[in-house]
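Letter by letter, the chains look like this.
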Amino acid sequence: MARGQQKLQSQQKAAEKRNKEKKSQGHSLANQKAAASKALTIKCSVCLALMPDPKTYKQHFENKHPKNELPADLKDA
């Protein structure tokens, strides 16, 4: 059984090493969410959803709020 215990310890050590390497690369979920939230700059006036650009906002508004009148800033977009 000594070899079985040694195998488990080796696997745990390798898993910890992989986790440390992942964290050191800087591709964590928190970093990705922060970068994505910076890109979302436009807020829908009706439902307050965030969008990255006016074109997407216009499409959103036409599809989700068809009964509402288009805002003035979207009429020329």
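Now for a look at the structure at hand. Just so it is clear, the model here is predicted, and its values are computed rather than measured.

Of all hydrophobic cores here, the largest spans six residues; its members are Ile42, Cys44, Met51, Tyr57, Phe61 and Leu74. For Ile42, the contacting residues outside a window of four places in its chain are Ala49, Leu50, Met51, Asp53, Pro54 and Tyr57.

On to the state of the cysteines, then. The full count for this structure, using the stated rule, is zero disulfides. Among the cysteines around Cys44, which has no disulfide bond, Cys47 carries the closest sulfur, lying 3.7 Å off.

Here we come to helix H3 (residues 54-64). Burial in H3 covers these residues: Tyr57, His60 and Phe61. With its buried residues spanning 95° around the axis, H3 presents them on a single face. Opposite its buried face, H3 presents the exposed residues Lys55 and Asn63, each directed more than 90 degrees away. In this fold, the buried residues of H3 make contact with strand S1 (42-43), strand S2 (50-51) and helix H4 (72-75).

This paragraph deals with unusual backbone geometry. Residues other than glycine seldom take positive phi values, yet Leu48 does so here, at roughly 65°. Mapped onto the elements of the fold, Leu48 is located in the loop between S1 and S2. Under the relative-accessibility criterion, Leu48 is labelled exposed at 55%.

Here the focus is the side chain of His65. Within the element layout of this structure, His65 appears in the loop between H3 and H4. Of note is the side chain of His65, whose polar atom sits 3.3 Å from the side chain of His60. If we ignore the near neighbours within four places in the chain, the residues touching His65 are Cys44, Val46, Cys47 and His60.

Turning our attention to the environment of Ala36. For Ala36, the location among the structural elements is in helix H2 (residues 29-39). Each C-alpha atom, one on Ala36 and one on Pro52, is 9.3 Å from the other, the two residues being 16 residues apart in sequence.

Moving on to the packing of aromatic side chains. The final tally for this structure, using the stated rule, is one aromatic pair. Relative to Phe61, the ring of Tyr57 lies with its centre 6.1 Å away and its plane at 90°, an arrangement referred to as edge-to-face. Separated by four residues within a single helix, Tyr57 and Phe61 lie in helix H3, roughly one turn from each other. Grouping residues by exposure puts Tyr57 and Phe61 together as buried.

About the cut-offs
- Residues numbered from 1 in each chain as written.
- Predicted model: local features only at pLDDT ≥ 70, side-chain atom pairs only at ≥ 80, totals over all residues.
- Heavy atoms only, no water.
- Core = buried A, V, L, I, M, F, W, Y, C linked by side-chain atoms within 4.5 Å.
- Buried < 20%, exposed > 50% of the residue type's maximum accessible area, 1.4 Å probe, protein only.
- Contact = heavy atoms within 4.5 Å.
- Disulfide = S-S within 2.5 Å.
- Helix = DSSP H or I, 4+ residues; strand = E, 2+ residues; numbered from the N terminus.
- Arc of directions from axis to C-beta.
- Polar contact = N/O pair within 3.5 Å; in protein donor to acceptor, adjacent residues only side chain to side chain.
- Phe/Tyr/Trp six-rings, centres within 6.5 Å; stacked < 30°, edge-to-face > 60°.

These results come straight from atomic positions and should not be treated as a statement about function.
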